[in-house]
Amino acid sequence: MSDQLKILISAELNQGLALRDINTAIKALGKSKHLQKLNLKINVDESFVKSINKFIESTGKLNAALASQNNVVQETITEHRKLDGSIQKTTEQILKNGEIINRTKVIHDANKKAIQAESQGYESQIKTLQQLEKELIGYTLAKSKANKNAYGQVSSYSNTYQNELGQKINVRTDPTGKVKNYDEITDYLKRQQDVLAQEQAINKQREQNAKEEYNTRKALQDKTEKEQAAHYKQLEALDKAHYQALKTDKERKEALEKTHYLALQQNAKREQQYQKNLAETETKIADIKRRFGNDSSVSSGLVGIENQLGQMKSVGSIGDFKSRFDQLNTQLKQVAANAKTATSHTVGFGEALKTAMSRFPVWMAAATLFYAPIRALQNGIQYIYELDTEMTNLQKVTENTAEEYRQFIQDARGIGDAIGGLTLDVVKSTTEWARLGYTIQEAKALAKETLVYQNVGDIESAEKASQALIATIKGFGVEVDVQGKNIAKVVDIYNEVGNKFAISSQGIGEAMRRSAASLSGAGNTIEQSVAMITAANTTIQDPARVGNALI
């Protein structure tokens, strides 16, 4: 029985459970780090595969047909050799579809091209002698020589060109006139131009250096002048109040020594001025004696002047010697003006000529003995001419009647007699002032004070005296009155300071001529300005420099 015992086992698939287990396993595999590759096989429908294969086969046939249409059925190659040595190769292809394709290729001979380029460069450099001469600016042909070969034929020419500096250039040409050494000549000319440019640059730099040096020197000079001006102001500040304020005996002693030194300088200057005035006065006396020695009135007038001069010599430079010399000079001018050999310088021209002609035979008879009167006559005629000329100039700048001009000439004669001057000088000075816009009456008063200033200041000309007073009047805005009182005050200040301090009236006027406008603009009065000029001049004794320093 046991042998026939059988066990029947049957199984049934639970699809739901199986799917769930499969999905779970797939998820576990996806998360597993040991999973490297997942090979999935997908079944595709066979009909679809057949369609795809047929499409690929059709595409291959189409590509083969297109390729056969692009096949070359005929090809022609043509070569052309040009004169420059290059080869041009042209290829013509005819495709099966009828399309024609042309290709061109040029092959150059490198050696022949280089030779050709060199030949062109050489040809471009060849110049004729006429062309070269246009470039030789400043050079002219100095010599030309023909060179011959062994057969007596002219093989070349040697032409020498030379400029004004003596520089030479040798130009060699062939028989046809073409220059052989053109490059050498152009290089030489270029070097010359470079040298000239360098020289010009050097000269320009020298000019720049000179200009900078001038500016530097000027700046140093301006600085020095400013420092000197500041120093002068410091000296001026050392006045009596400063001296009283000194606290120690040492400072007072130093101040006394300095004051003593300045006093010695001033005394030395006074002595020099005295000797100068003495020499000038003696020269004037000798000149008047030489010119008018035969005139008794001149001789009598000179006797009194010489006596006064002798008394002044005994006194020396003590006291106000300037005013005494001024008085002597005024007397000398008066004596000269009253000389009988030059009477009445306002006489009419006809009367003077009549007098001269009436005395002419006498003068001619004794020409060798009385030459001085003849010269005096000539001077008198010249004086009348100059006086007439100056009156004409005055009439050009003024607008007055004939009667007013006649009155003016009489007044001018009176002014000249009063101050020991000439009528001509009065007219000249009046004209100068009238040019500035003053009326004839104001100009006449200014002219009088100008001549007074010229006399007391020993100024060589009325023009210079006028310039000094003009600068003061315009600079400080001094009002001009008909009597000239304001101008007389200015002249008195100049004269008073010039007599008492180490500066002349002329020096004050010179300094004021240069600095009056600046001093007035700084708020100084005339008196203060004269004081500053006097103090500054004490040290350097140069009024012109003082005037420039105070600008």
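Residues numbered from 1 in each chain as written. Predicted model: local features only at pLDDT ≥ 70, side-chain atom pairs only at ≥ 80, totals over all residues. Heavy atoms only, no water.

Undergrad: What should I look at first to understand the nonpolar core in this one?
TA: Generally speaking, nonpolar side chains in soluble globular proteins are found buried as a group. One finds Tyr453, Leu469, Ile473, Tyr494, Met512, Ile526 and Ile533 to be the most contacted residues of the largest nonpolar core, which totals 50 residues. Mapped onto this core, the elements with two or more residues apiece are helix H11 (371-397), helix H12 (402-419), helix H13 (423-434), helix H14 (440-456), helix H15 (462-476), helix H16 (485-500), helix H17 (505-521) and helix H18 (526-540). If you look at the next biggest cluster of nonpolar residues, it comprises 15 residues, including Tyr274, Phe292, Val298 and Leu328. (Core = buried A, V, L, I, M, F, W, Y, C linked by side-chain atoms within 4.5 Å. Buried < 20%, exposed > 50% of the residue type's maximum accessible area, 1.4 Å probe, protein only. Helix = DSSP H or I, 4+ residues; strand = E, 2+ residues; numbered from the N terminus.)

Undergrad: I'm lost on the side chain of Asn163 in this one. Help?
TA: Mapped onto the elements, Asn163 comes out in the loop between strand E5 (154-162) and strand E6 (168-173). Side-chain polar atoms of Asn163 contact the backbone nitrogen of Leu165, separated by 3.2 Å. Within the local environment of Asn163, its side chain forms a polar contact with the backbone nitrogen of Gln167, the two atoms lying 2.8 Å apart. In this view, Asn163 contacts Gly138 and Tyr139; residues no more than four positions away in its chain are not counted. (Polar contact = N/O pair within 3.5 Å; in protein donor to acceptor, adjacent residues only side chain to side chain. Contact = heavy atoms within 4.5 Å.)

Undergrad: Explain the sheet that holds E6 to me, please; I cannot follow it from the model alone.
TA: Within a beta sheet, neighbouring strands are joined by backbone hydrogen bonds and run either parallel or antiparallel to one another. Across the sheet, which stays open at both edges, the 3 strands sit in the order E4-E5-E6 with antiparallel pairing between neighbours. Unpaired on one side and paired on the other, strand E4 (140-148) and E6 mark the two borders of the sheet. Between one strand axis and the next, the sheet turns through 20° on average, direction left out of account. (Pairing = 2+ DSSP bridges. Axes fitted to C-alpha atoms, helices over the stretch in contact; angles between N-to-C directions.)

Undergrad: Even after reading the chapter, I still don't get the pattern of salt bridges, so can you show me in this structure?
TA: Should the charged atoms of two oppositely charged side chains come close, the side chains can pair. Overall, the coordinates contain 12 salt bridges when judged by the stated rule. Put simply, Glu460 and Lys464 hold a salt bridge, and the shortest N to O gap is 2.4 Å. A residue is classified by how much of its surface remains accessible, and Glu460, at 60% relative accessible area, is exposed. Salt-bridge contacts for Arg514 lead to Glu510; the nearest nitrogen and oxygen are separated by 2.9 Å. One end of the pair is Arg514 and the other is Glu510, both in helix H17 and 4 residues apart, which spans about a single turn. The exposure class assigned to Arg514 is partly exposed, which follows from its relative accessible area of 32%. What you see here is one network of salt bridges that share partners, running through Glu510, Arg513 and Arg514. (Salt bridge = Lys/Arg side-chain N within 4 Å of Asp/Glu carboxyl O.)

Undergrad: Can you walk me through unusual backbone geometry in this structure?
TA: With the exception of glycine, most residues fall at negative phi, and the peptide bonds are largely trans. Phi at Asp458 is positive, roughly 50°, even though this residue is not glycine. Positionally, Asp458 belongs in the loop between H14 and H15. For Asp458, a relative accessible area of 28% puts it in the partly exposed group. You will see that Gln541, though not glycine, has its phi angle at about 55°, which is positive.

Undergrad: Explain helix H9 (residues 321-337) here, please?
TA: Since the α-helix turns once every 3.6 residues, residues separated by three or four places project in the same direction. With 17 residues, H9 ought to run about 24 Å at 1.5 Å a step, and its terminal C-alpha atoms sit 24 Å apart, in line with that. Every buried residue of H9 is listed here: Phe321, Lys322, Phe325, Asp326, Leu328, Asn329, Leu332, Val335 and Ala337. (Expected span 1.5 Å × (residues − 1).)

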